[in-house]
Amino acid sequence: MTVPEYTADDYDVIVVGAGHAGSEAALAAARMGQKTMLITLNLEMVAFMPCNPSVGGPAKGIVVREVDALGGQMGKNIDATYIQMRMLNTGKGPAVRALRAQADKNAYHRVMKDTLENTPNLTLRQGMATDLIVEDGECRGVVTNTGARYRAKSVVLTAGTSSRGKIIIGELMYSSGPNNSIPSIELSENLEKLGFKLRRFKTGTPPRVNGNTIDYDQTQEEPGDKTPNAFSFTTKDADYVTDQMSCWMTYTNEETHKIIRANLKRAPMFSGVIKGVGPRYCPSIEDKVVRFADKPRHQIFLEPEGRDTSEYYVGDFSTSMPEEIQQKMLHTVAGLQHAKMMRPGYAIEYDVIEPWQLTHTLETKHVKNLFTAGQMNGTSGYEEAAGQGIIAGINAALRAQGKPGFTLGRDQAYIGVMIDDLVTKGTNEPYRLLTSRAEYRLVLRHDNADLRLTEKGHTLGLIDDDRYAAFETKKQAIQAEMDRLHSIRIKPGQAVDDFLASKGGAPLKDGILASDFLKRPEVSYEDLAQFMPDHPDVDRRVIEQVTIQIKYAGYIAKEQQKIDRLHRLEAKKIPAHIDYNAINGIATEARQKLTKIQPETIAQAGRISGVNPADVAILSVYIEQGKIAKVG
Amino acid sequence: MANSITAYDTIAAISTPPGEGGISIVRLSGDEAIQVAQRVFKGKDLANVPTHTINYGHIVDPATQDVVDEVMVSVMRAPKTYTREDVIEINCHGGIVDTNRILQLLLSQGARMAEPGEFTKRAFLNGRIDLTQAESVMDLIRAKTDKAMQVAVDQLDGNLSHLIKNLRQDIFSVLGQEEVNIDYPEYEMDEVTGKMMLEKAQKVRDHLVQLLKTANQGKILREGLATAIIGRPNVGKSSLLNYLLHEDKAIVTDVAGTTRDTLEEYVNVRGVPLKLVDTAGIHHTTDKVEKIGVERSKKALGQADLVLLVLDASAPLQSDDRELLKATQDKKRIILLNKTDLPAALHPENLEALVTDDSRIISVSILKTAGLDALEAAIARLFFGEGIENSQSNVLVTNARQYGLLAQAKAALDEVITALQNEVPLDLVQIDMTTAWEKMGEVVGENAPDELITQLFSQFCLGK
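Residues numbered from 1 in each chain as written. Chains lettered and ligands numbered in written order. Predicted model: local features only at pLDDT ≥ 70, side-chain atom pairs only at ≥ 80, totals over all residues. Heavy atoms only, no water.

As recorded in an unreviewed UniProt entry, chain B goes by tRNA modification GTPase MnmE and comes from Schleiferilactobacillus harbinensis DSM 16991. Quoted verbatim from the Subunit (unreviewed entry) field of the UniProt record, the comment on chain B reads "Homodimer. Heterotetramer of two MnmE and two MnmG subunits." Recorded in UniProt under Subcellular location (unreviewed entry), the annotation for chain B is "Cytoplasm". (UniProt positions renumbered as here; feature names shortened; annotations may be inferred.)

Under an unreviewed UniProt entry, chain A has the name tRNA uridine 5-carboxymethylaminomethyl modification enzyme MnmG and belongs to Schleiferilactobacillus harbinensis DSM 16991. You can read under Subcellular location (unreviewed entry) in the UniProt record for chain A the words "Cytoplasm". Quoted verbatim from the Cofactor (unreviewed entry) field of the UniProt record, the comment on chain A reads "FAD".

So this is what it looks like as structure tokens:
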């Protein structure tokens, strides 16, 4: 029986789905002054973490800081709800250091919901969007299963893994969103009717066990850091959580692997039940055992899911084996012999929109005013979702205001790298950000995300004046300290020579600039400080910037050269509606890809897989020769 | 015959070096190549002959019906041609006047004069060849000897590409591992250590150093070894020049386009192309210009990679000789004691005090062609040394672009090595490691930025 439709409220921006992408999108739009509605299947699942209870890590942690610098919420939300904080890769250079927090899942959800509820211009609603209102190739709103027709100037879809979601546990398979939530079926069907190309992806999650039944003595403790760190620029050191919860590491063993191998025929990944493409970088445990048959053990991380729950996430043990087998597998692991499983792991298949159908603003090429973000665009990870969410929200708001779009380049943010990858290359598996995807990662550091993006966030109206003033103060302090170190001379003398000798360095022959002294590999800022008279009190974040900018100036300059070259190629625009069939000599595959993706610049064309340098050369020559007009 | 990938207009050019060669070739490429040729050709109907056939006939000026030349015309239809377009090659009798006239006739019948390198550019643009191969083709055109031809051909087969691709793989193996370490810090995986990176960097660097060493030889194969014959008047410079220019050694008589007053002549000595500099100065030595012989010799030295210093063995050493010995002491040189057919007044031993380096001293009689084998052998040895001729493959770096990129790659690896020695964090070191990898990629066209394309084509010479 069809539900009669009724005309509901009008909005500037409607966001469908309140996961990590949708929350950021709605907040950005509302904060930019747009009358915004955020509609989601279940209000108990706002900013829900259906998989690992953590935020950040290499590349991802940098995205969180970027979202924060643009005025987004993820950084603040995790800072308010973490139970453990760790800086990773501290043994490596500044470019790849990354912050990761263990989240209190329920708190994370509650605090985000609270923020959404208390944001002006924002209406949070439970409901299921089933269709889009599309008129003249433009999206003008959404229709819900209760018959409400909401009109809007722009719409952001962030359906996540709910789109025709299907959970698989061994032989069991049923229609479901993440964690047994209702799936969204009709919306997918209607997107296909609109002409969008969808595909099936697969992801999975491991079982959860009761922490009271873990024998921690057989595992290795992984505590948090003592030194305060935070994701958001606004979070104070004084608020650093000191009573952190630990994670615990253990291993699988031959016994575990034996059980897996003996039951492979019941594993949907191998029995052929699962058709979706899973991520290579996050394989299930059965996948690992098969692919790395010679490895005697695999690491497992036991991560607490929060303070108000005893559930533990069995990290790196993602599986879709039958429940019975999962239990047996768990019981072979040191520390988990008597563990009580609370939820089985499962695999989930879902629809994604092929992301090459989007522009860099995350608007669909096919339907104007329609934006998509998050897992729906083929990514995986809360941070990736949030990064797209804020960009989609910003652009939906700009569109509603009739303003030009906002994009980030590969040299400006990991978010820029991710979106460019998605819209330029598409993705054949759930896309995860990796530091190696960034060509200019020494410039895209986590410590300078604020320096890179706060200005932009402020211009967009997402960073308030107080915070902007604090940012300006920090910026000036960095400059002042740089100037100071470039003016003070360190004179040779016994103290300096003794210090250098103790570090295995050569003594000073002449006086040198403090900045040059700091460039020496063996010298830290603190070392330098003791040789400077009247050393003022400098904020440690300023010290961090100054140290990095001075010590790694040579490397940073090198990346800057590469960036300059990128800009030259980005400046070579490809005319819109170019007919690639009219260009002779481009290989067939390249021709198809170019036609499909319609790159905006020569640089982007060059990044499309299957478009090789010869094709780009031809394209450049073609454009330069101005033959476009000639070929009819 | 039109083809889906060939909608370029038809271009024409003389594709053999200008001069009085035996046969000249005028080439056409493009959609209308066959039609254009047909309009000036009297013989078979070229439109109906099978592809890849050679057809006898005459070039006739359609306006006057004058027969211009007796020719053989090759018809090659797309896509199995150099440019992947329809190609016509007219083999004519070589005289510059006739060849030019044929070209002009073709231009008058609808062909367009090819820009420098345009044939190769089309081959490239039509996907026929990759960048390294395109450059090799360019070198092929310039190749002055069979040896050079071999290097160029080897490169067409992708020997250099292959070597560089392997070296890139070496770099990539550590780059990739390091990336994994960075993105998955909590996992127990093999950590790339500074030592591992250092080993790879050094290994690849050493290979690059070897490759770069070949660059000079590559350049010589392409451009010829600039050689100056010097000596005071009447020691036999002219005879030596004539000896070198005869006996089928002369391979290109003229690059400037005129036959007289040439400044450079090319000869092939045992596979080594010599570019004889300032030969006019020698030709003229019988005239009154003779007076300035020594001064002029010194001037020629400046451009020379190799000096053949001729001394008169039948006369004692003179001050001019000493001056020239001194002027050439820093050069790669071969000292010839000529006129051994006459009673000797100057012996190799007499030079011992003056020639302290390892310059070869060879006694010859150019007049009697005695000792000249030793001279040729010395030239060949000087050039090929231990390496090239004996090495299994002729992988040479033959042009400036490749040289430049490989030198940059090597410089990046030098920085990698220095940084590792200074214990700079690996992810920073990796920036230079990546640069090296990218530069090497550019050599093989796997990473071509657009400047490359511009530069590349500006280097092409006219015709093929």
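A.B. asks: What am I meant to see in the overall build of chain B here?
C.D. replies: Check the secondary structure of chain B and you find 16 helices and 14 strands. Residue burial in chain B is summarised as follows: out of 464 residues, 53% are buried. Put simply, of all contacts in chain B between residues at least 6 apart along the chain, 68% involve residues at least 24 apart. Entry remark: accessible area of chain B is about 20100 Å², with carbon and sulfur atoms responsible for 51%. (Helix = DSSP H or I, 4+ residues; strand = E, 2+ residues; numbered from the N terminus. Buried < 20%, exposed > 50% of the residue type's maximum accessible area, 1.4 Å probe, protein only. Contact = heavy atoms within 4.5 Å. Areas by Shrake-Rupley, 256 points an atom, 1.4 Å probe, with all protein chains shown as cover.)

A.B. asks: Hey, could you run me through the overall build of chain A in this one?
C.D. replies: Along its length, chain A carries 21 helices and 22 strands. Against the compact-globule benchmark of 26 Å for 632 residues, chain A has a radius of gyration of 26 Å, which places it among compact chains. Residues classed as buried in chain A amount to 60% of the 632 residues present. Taking all contacts inside chain A whose residues are at least 6 apart in sequence as the whole, residues at least 24 apart take part in 72%. When the accessible surface of chain A is totalled, it reaches about 24600 Å², and 50% of it is carbon and sulfur. Averaging the positions of the 78 positive and the 79 negative side-chain charges in chain A gives two centres separated by 5 Å. (Rg over C-alpha atoms; globule rule 2.2 N^0.38 Å. Lys, Arg positive; Asp, Glu negative; His and termini not counted. Charge placed at Lys NZ, Arg CZ, Asp CG, Glu CD.)

A.B. asks: Sorry, what's going on with the sheet that holds strand β11 (residues 172-175) of chain A here?
C.D. replies: Hydrogen bonds between backbone groups are what pair the strands of a sheet, and the pairing can be parallel or antiparallel. Residues and elements named next belong to chain A. What the four strands build is an open sheet, ordered β11-β10-β19-β12; its pairing is antiparallel. The strands lining the two open edges of the sheet, one partner per strand, are β11 and β12 (198-205). Recorded for the sheet is a direction-independent mean angle of 25° between the axes of neighbouring strands. Here four bridges tie strand β10 (residues 166-169) to β11, and the two strands are oriented antiparallel to one another. Across the sheet, Ile168 pairs through a bridge with Met173, a residue of β11. (Pairing = 2+ DSSP bridges. Axes fitted to C-alpha atoms, helices over the stretch in contact; angles between N-to-C directions.)

A.B. asks: How should the UniProt feature "binding site: FAD" (unreviewed entry) in chain A be read in this particular structure?
C.D. replies: All names here are of chain A. Those residues carrying the UniProt feature "binding site: FAD" (unreviewed entry) are Gly17, Ala18, Gly19, His20, Ala21 and Gly22 in this numbering. Here Ala18 lies in the loop between β1 (6-16) and α1 (20-31). Contact partners of Ala18, with chain neighbours within four places excluded, come to Ser23, Leu38, Ile39, Thr40, Met45, Val46 and Ala47. Its place among the elements puts Gly19 in the loop between β1 and α1.

A.B. asks: It is not clear to me how the side chain of Thr219 of chain A should be interpreted in this structure. Could you clarify?
C.D. replies: Residues and elements named next belong to chain A. Examined against the element boundaries, Thr219 turns out to sit in the loop between β13 (208-210) and β14 (220-222). For Thr219, the side chain forms a polar contact with the main-chain oxygen of Tyr216, separated by 2.7 Å. Apart from the residues lying within four places of it in its own chain, the contact partners of Thr219 are Trp248, Met249, Thr250, Leu302, Ala334 and Gly335. (Polar contact = N/O pair within 3.5 Å; in protein donor to acceptor, adjacent residues only side chain to side chain.)

A.B. asks: When you look at the domain arrangement of chain A in this model, what are you seeing that I'm missing?
C.D. replies: By a frequent convention, interface size equals the accessible area lost on bringing the separate parts together. We note that the domain assignment places domain 1 (208-347), domain 2 (465-556) and domain 3 (572-625) within chain A. Here domain 2 of chain A and domain 3 of chain A have C-alpha centroids that lie 48 Å from each other. (Domains from an automatic or database assignment.)

A.B. asks: Help me understand the UniProt feature "binding site: (6S)-5-formyl-5,6,7,8-tetrahydrofolate" (unreviewed entry) in chain B, please; the structure alone is not making it clear to me.
C.D. replies: Residue and element names in this part refer to chain B. Here the UniProt-annotated "binding site: (6S)-5-formyl-5,6,7,8-tetrahydrofolate" (unreviewed entry) positions come out as Arg27, Glu89, Arg128 and Lys464. If you trace the backbone, Glu89 turns up in strand β6 (residues 87-92). On the accessibility criterion, Glu89 (16% relative accessible area) is buried. Aside from chain neighbours lying at most four places away, what touches Glu89 is Ile25, Val26, Arg27, Met72, Val73, Ser74 and Met76.

A.B. asks: What exactly am I supposed to notice about helix α1 (residues 33-40) of chain B here?
C.D. replies: An α-helix turns once per 3.6 residues; consequently, residues spaced three or four apart project the same way. Considered for burial, the residues of α1 of chain B that qualify are Ala33, Ile34, Val36, Ala37 and Val40 of chain B. Across the axial projection of α1 of chain B, the buried residues extend over an arc of 165°, all falling on one side. (Arc of directions from axis to C-beta.)

A.B. asks: Looking at this structure, I do not really get the sheet that holds strand β5 (residues 98-103) of chain A. What am I missing?
C.D. replies: All names here are of chain A. Strand order in this open sheet of three strands is β3-β5-β4, and the pairing throughout is antiparallel. Whereas interior strands pair on both sides, the edge strands pair on one side only; in this sheet they are β3 (54-56) and β4 (82-88). Taking each pair of neighbouring strands and ignoring which way they run, the sheet shows an average axis angle of 20°. Bridge count between β3 and β5: three bridges; the pairing is antiparallel. The partner of Ser54 across the bridge, within β5, is Gln102.

A.B. asks: Got a minute to help me understand the pairing of β4 of chain A in this structure?
C.D. replies: For a regular strand, the rule is simple: side chains alternate between the two faces of the sheet. All names here are of chain A. In terms of residue burial, β4 counts as a mostly covered element, since six of its seven residues are buried. Summarising the sheet, β4 and β5 pair through six bridges and their orientation is antiparallel. Directly across from Leu88, in β5, lies its bridge partner Ala98.

A.B. asks: Any chance you could explain the pattern of salt bridges here in plain terms?
C.D. replies: Oppositely charged side chains are able to pair whenever their charged atoms sit close together. Residue and element names in this part refer to chain A. Taken as a whole and judged by the stated rule, the model has 56 salt bridges over all chains. One salt bridge connects Lys105 with Glu305, and the closest N-O pair in it is separated by 2.8 Å. Taken together, the residues Lys105 in helix α4 (residues 105-117) and Glu305 in the loop between β16 (299-304) and β17 (311-315) connect sequence positions 200 residues apart. Side by side, Lys105 and Glu305 carry an identical accessibility label, which is buried. Ionic contacts of the salt-bridge type, sharing partners, join the residues Arg410, Asp420, Asp421, Lys425, Glu439, Glu570 and Arg607 into one network. (Salt bridge = Lys/Arg side-chain N within 4 Å of Asp/Glu carboxyl O.)

A.B. asks: Could you clarify how one ought to interpret the packing of α1 of chain A against helix α10 (residues 382-400) of chain A in this entry?
C.D. replies: Between two packed helices, what matters for the description is the angle formed by their axes and the separation of those axes. Residues and elements named next belong to chain A. In the contact formed by α1 and α10, the axes pass within 7 Å of each other and the chain directions differ by 30°. As the angle between them shows, α1 and α10 are arranged roughly parallel. The two elements α1 and α10 meet at a crossing, and its hand is right-handed. The residues of α10 that touch α1, namely those facing His20, Ala21, Glu24, Ala25, Ala28 and Ala29, are Tyr382, Ala385, Ala386, Gly389, Ile390, Gly393, Ile394 and Ala397. The residue inventory of the contact of α1 with α10, partitioned by class, reads ten nonpolar, three polar and one charged. (Parallel < 35°, antiparallel > 145°, perpendicular 65-115°, else oblique. Left-handed = near helix turned anticlockwise from the far one by under 90°. Nonpolar A, V, L, I, M, F, W, Y, C, P; charged D, E, K, R; others polar.)

A.B. asks: It is not clear to me how the packing of aromatic side chains should be interpreted in this structure. Could you clarify?
C.D. replies: Two aromatic rings are characterised by how far apart their centres lie and by the angle between their planes. Within the structure shown, the criterion is met by ten aromatic pairs over all chains. Measuring from centroid to centroid gives 5.8 Å for Tyr468 of chain A and Phe471 of chain A, while their planes differ by 35°, and the two rings are tilted. In this pair, Tyr468 of chain A and Phe471 of chain A are both assigned in helix α13 (residues 465-485), three residues apart and thus about one turn of the helix distant. The class of Tyr468 of chain A is buried, set by a relative accessible area of 13%. Where Phe172 of chain B meets Trp437 of chain B, the ring centres are 5.2 Å apart and the plane angle is 25°; that geometry is what we call stacked. With Phe172 of chain B in helix α6 (residues 159-183) and Trp437 of chain B in helix α15 (residues 426-443), this residue pair connects regions lying 265 residues apart in the sequence. (Phe/Tyr/Trp six-rings, centres within 6.5 Å; stacked < 30°, edge-to-face > 60°.)

A.B. asks: Quick question: what am I supposed to make of the pairing of strand β12 (residues 306-312) of chain B here?
C.D. replies: All names here are of chain B. Here β12 lies mainly inside the structure; seven of its seven residues are buried. By the alternation rule, side chains of β12 split into Leu306, Leu308, Val310 and Asp312 and Val307, Leu309 and Leu311, which are all buried. Where strand β8 (residues 225-230) and β12 come together, four bridges link them in parallel fashion. Looking at β12, one finds that Ile229 is bridged to Leu308. In terms of strand pairing, β12 meets strand β13 (residues 332-338) through seven bridges, oriented parallel. Note that in β13 the partner of Leu309 across the bridge is Ile335.

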